[in-house]
Amino acid sequence: MNQIFKFNANRVWRTYQGGKLLDTIEGKESPEDSSFPEDWIGSTVEARNVGREHISEGLAMVTSDDGHTVPFRDLLTQNKDYFLGKSGDTERTLEDIPLVKYLDSATRLHFQAHPTREFAQERLGLPRGKTEAYVILQTREDVSEPYIYAGFQRPPSRAQLKQWIETQDIKSIESCFDPIPVKPGDVFLLPGGRPHALGEGILMLEIMEPSDLAVRFEFERCGYVIPEQARFMDRGIETALDVFDFSPVPPEQVDTEFRCPPKMLSTDEQGNTLEELIGAKNTACFTVRRATMNGTFKRNEEAFFYGVVTQGSGTLRISDEVTELKQWERFFCPAGVTEFEYESAAGMSILECYPGNT
């Protein structure tokens with residue numbers, strides 16, 4: 001049985017433009033922006049693209065032990081105890097697996113908001129909402145002031161927002177936000193309910209609850225008009241407005257509300273470090289850590305995780321099995337693997353994305 005699964009590119013069509021840096025990562029001869037600005041890493045979630053229902057998108061494919069290509073989620077269900085493990089006495093399920101993406105924006109994304117888990121369960125009959133986190137990896141050289149929008153700094157009334165959405169008064173909607181500067185290494189958590197938009201020129205790792213639920217209240221970007229049924233989760237505008245958290249996040253509270261400073265978990269005599277970027281104090285939906293090593297870094301974990309090599313290269317050793325790791329590669333480490341070690345002669349940094357506490 002494979003102990004570590006490495007993933008190939010899994011590009012997904014979206015309603016905005018980007019992906020040139022992902023083309024570069026994949027080694028394409030002529031990198032360019034397109035409608036495939038995201039790479040869903042080891043995804044167990046299908047993309048919801050209206051008008052493209054005949055195309056299966058989003059699910060990651062892997063090669064099983066018998067040589068067949070199968071959806072990764074099907075492989076997981078064949079031995080959930082080994083791959084997913086438990087949370088306390090409760091067996092984990094596919095619903096516990098965070099959706100992890102590379103996202104590379106060439107333009108500002110649509111204004112949108114996502115439901116909380118509670119809203120999804122109570123109002124939509126679905127198990128998960130879409131709280132999400134951003135780890136900024138790179139910004140484009142031609143973008144001098146990269147930014148995100150997050151939360152209403154100057155909230156409109158519900159009636160105002162409804163009118164602006166119906167008339168697509170984007171200038172008025174944008175006036176509710178202040179740009180929040182971002183740089184490589186920054187980490188943000190966007191809880192469900194908070195309206196937001198990602199600015200242009202940002203390559204990030206996005207970690208979220210395993211759903212593709214979104215209220216898209218800006219209908220056109222880059223000449224593409226979002227179909228009506230894709231705007232409000234196939235519900236009406238009143239249900240969509242119920243998703244929003246209208247409470248203000250004034251500029252002086254933005255960092256406290258959304259930025260996540262790293263917390264040192266451990267370090268050793270070689271200078272290897274393990275930091276918590278997103279933890280239980282931030283959200284119960286997922287956990288994100290950063291392992292940085294020079295030399296050999298022995299680890300003990302009890303939960304599965306997705307690993308993404310953001311800097312350097314090295315190896316991952318489990319007993320006698322050694323997996324080569326290069327920058328930008330991504331892999332899955334099962335819950336059944338409790339002891340492993342990283343090794344790097346020149347230095348390596350890996351983002352580890354774990355399930356949450358519920």
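Residues numbered from 1 in each chain as written. Predicted model: local features only at pLDDT ≥ 70, side-chain atom pairs only at ≥ 80, totals over all residues. Heavy atoms only, no water.

### Side note on the state of the cysteines
Next up, step 1: Across all of its chains, the model carries zero disulfides by this definition.
Next up, step 2: With no disulfide partner, C353 has as its closest neighbouring cysteine sulfur the one in C333, 13 Å distant.
Next up, step 3: When its relative accessible area of 0% is taken as the criterion, C353 is described as buried. (Disulfide = S-S within 2.5 Å. Buried < 20%, exposed > 50% of the residue type's maximum accessible area, 1.4 Å probe, protein only.)

### A short note on the sheet that holds strand β3 (residues 38–41)
Next up, step 1: The strand order β2-β3-β8-β15-β10-β13 describes an open sheet built from six strands, whose pairing is antiparallel. This sheet does not close on itself; its edge strands, each paired only once, are β2 (11–12) and β13 (187–190).
Next up, step 2: Inspection of the sheet shows strand β10 (residues 132–139) paired to β13 by four bridges, in the antiparallel sense. Residue pairing in the sheet places Y134 in a bridge with F188 of β13. (Pairing = 2+ DSSP bridges. Helix = DSSP H or I, 4+ residues; strand = E, 2+ residues; numbered from the N terminus.)

### Here we look at the domain arrangement of the chain
Next up, step 1: As far as domains go, the chain holds domain 1 (5–258) and domain 2 (263–354).
Next up, step 2: Computed over C-alpha atoms, the centres of domain 1 and domain 2 are 24 Å apart.
Next up, step 3: Listed as interface residues are 38 residues of domain 1 and, on the opposing side, 27 residues of domain 2.
Next up, step 4: For the domain 1 and domain 2 pair, buried surface summed over both sides reaches about 2,700 Å², with 73% attributable to carbon and sulfur atoms. (Domains from an automatic or database assignment. Contact = heavy atoms within 4.5 Å. Buried area = accessible area lost by both parts, 1.4 Å probe.)

### Details of helix α4 (residues 117–124)
Next up, step 1: Regarding α4, the residues found buried are R117, F119, A120 and L124. An end-on view of α4 places all buried positions within 165° of arc, on one side of the element.
Next up, step 2: Contacts made by the buried residues of α4 are with α7 (237–243). (Arc of directions from axis to C-beta.)

### Re the packing of aromatic side chains
Next up, step 1: Taken as a whole and judged by the stated rule, the model has 25 aromatic pairs.
Next up, step 2: Each ring, one from F152 and one from F177, has its centre 5.3 Å from the other, and the planes form 45°; the classification is tilted. Of this pair, F152 sits in the loop between β11 (147–150) and α5 (158–167) while F177 sits in the loop between α6 (170–174) and β12 (180–181), and the two are 25 residues apart along the sequence. F177 carries the same exposure label as F152, and that label is buried.
Next up, step 3: Ring geometry for Y306 and F332: centres 5.2 Å apart, planes at 70°, overall edge-to-face. Placement of the pair is Y306 in strand β22 (residues 305–312) and F332 in strand β25 (residues 330–333), with a sequence separation of 26 residues. Judged on exposure class, the residue Y306 and its partner F332 are both buried.
Next up, step 4: Through a chain of ring-to-ring contacts, three or more aromatic side chains come together here, namely F5, F7, F72, Y82, F83, F304, Y306 and F332. (Phe/Tyr/Trp six-rings, centres within 6.5 Å; stacked < 30°, edge-to-face > 60°.)

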